[in-house]
Amino acid sequence: SNKYSPITHTIPFSDFLFINTRGDTQFELIGSENQITPFTAEIAPTTFYSTLPNIEPQLMSSQIYFFGDSRLYIYFNSEASNINQAVPVSNHAPGYLPKNVGFVATSPAHDTIFFTDVDEPNMIYMYTNRFSGDQVIQNAFYRQVLDSTIQIKHIQVLDDSLYIVAGMGARSYLLKLPL
């Protein structure tokens, strides 16, 4: 790619390995006949987006989502897309997403990604992207604003609930929100 690109994350996806880097480039490591071997390995740059290096790309259903500075992208493999490999899904919500994403959790059963804001730790952002075949039937960002005295320390999806470890002063609480 003619650019120094230290690898931050690798995600197995479809029949290749998705590679995210600090060099604002995403790569695919592919092989031949669904096998990546020393003799068939090929690495190719596919997209060129600036990403948040500390946040792992999220695999949800048949897509990969990754975060940039106040942006969220959806990644399609080269077989699924012949024009754009990645699309910024947050273009319709400028200034809405946090600049510094904290914790991330996904719920494939609900087609939703949950994430927090490092700078405003009382907010949980959500992105729902539902498909029917190859058509998008819902694409929405929304957020839950908790009391300003609450600081979210961690989030996790289990079954049909979002669990939040939250701090209020010297105390910590476990909150359970049904999805």
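Source: prediction; values computed, not measured.

Criteria and thresholds
- Residues numbered from 1 in each chain as written.
- Predicted model: local features only at pLDDT ≥ 70, side-chain atom pairs only at ≥ 80, totals over all residues.
- Heavy atoms only, no water.
- Buried < 20%, exposed > 50% of the residue type's maximum accessible area, 1.4 Å probe, protein only.
- Helix = DSSP H or I, 4+ residues; strand = E, 2+ residues; numbered from the N terminus.
- Pairing = 2+ DSSP bridges.
- Axes fitted to C-alpha atoms, helices over the stretch in contact; angles between N-to-C directions.
- Polar contact = N/O pair within 3.5 Å; in protein donor to acceptor, adjacent residues only side chain to side chain.
- Contact = heavy atoms within 4.5 Å.

Draft legend 1. Representation of the pairing of strand β6 (residues 63–68) within the structure. Summarising burial for β6: 6 of the 6 residues are buried, a large majority. Of the two faces of β6, the one carrying Gln 63, Tyr 65 and Phe 67 and the one carrying Ile 64, Phe 66 and Gly 68 are both buried. The antiparallel hairpin formed by strand β5 (residues 58–60) and β6 contains 2 residues in its connecting segment, where Ser 61 sits at a positive phi of about 60°. Of the pairings in the sheet, the one linking β6 to strand β7 (residues 71–75) comprises 5 bridges and is antiparallel in character.

Draft legend 2. Quick peek at the sheet that holds β5. The strand order across the open sheet built from 4 strands is β5-β6-β7-β8, with neighbouring strands paired in antiparallel fashion. Across the chains shown, the open sheet's two edge strands, defined by having one partner strand only, are β5 and β8 (86–88). Sheet twist, expressed as the mean angle between neighbouring strand axes with direction ignored, is 30°. Where β5 meets β6, 3 bridges bridge the pair, whose relative direction is antiparallel. Of the residues in β6, the one forming a bridge with Met 60 is Gln 63.

Draft legend 3. View of unusual backbone geometry. Phi angles above zero are rare outside glycine, and Asp 24 is one such case at about 60°. If you trace the backbone, Asp 24 turns up in the loop between β2 (16–21) and β3 (26–30). Not every positive phi belongs to a glycine, and Asp 159 is a case in point at roughly 55°. Positionally, Asp 159 belongs in the loop between β13 (150–158) and β14 (161–168). The class for Asp 159 is exposed, based on a relative accessible area of 74%.

Draft legend 4. Geometry of the side chain of Asn 20. Considering the arrangement of structural elements, one finds Asn 20 in strand β2. Asn 20 gets classed as buried once you look at its relative accessible area, which sits at 0%. Reaching out from Asn 20, the side chain makes a polar contact with the side chain of Gln 26 at a distance of 3.1 Å. The residues touching Asn 20, leaving out its near neighbours within four places in the chain, are Pro 6, Ile 7, Thr 8, His 9, Thr 25, Gln 26, Thr 51 and Pro 57.

Draft legend 5. The pairing of β2, seen in detail. Along β2, 5 of the 6 residues are buried, which leaves the element largely enclosed by surrounding structure. The pairing of strand β1 (residues 7–13) with β2 spans 6 bridges and is antiparallel. Of the residues in β2, the one forming a bridge with Ile 11 is Phe 18. Turn length for the β1-β2 hairpin, with the two strands adjacent in sequence and antiparallel, is 2 residues, and the turn residue Ser 14 shows positive phi of about 55°.

Draft legend 6. Broad picture of the sheet that holds β13. Here 3 strands make up an open sheet; going across it, the order is β13-β14-β15 and the pairing antiparallel. Of all the strands in the sheet, the pair left with one neighbour each is β13 and β15 (171–178). Taking each pair of neighbouring strands and ignoring which way they run, the sheet shows an average axis angle of 20°. Here β14 runs beside β15; their pairing, made up of 8 bridges, is antiparallel. Bridging across to β15, Gly 167 finds its partner in Ser 172.

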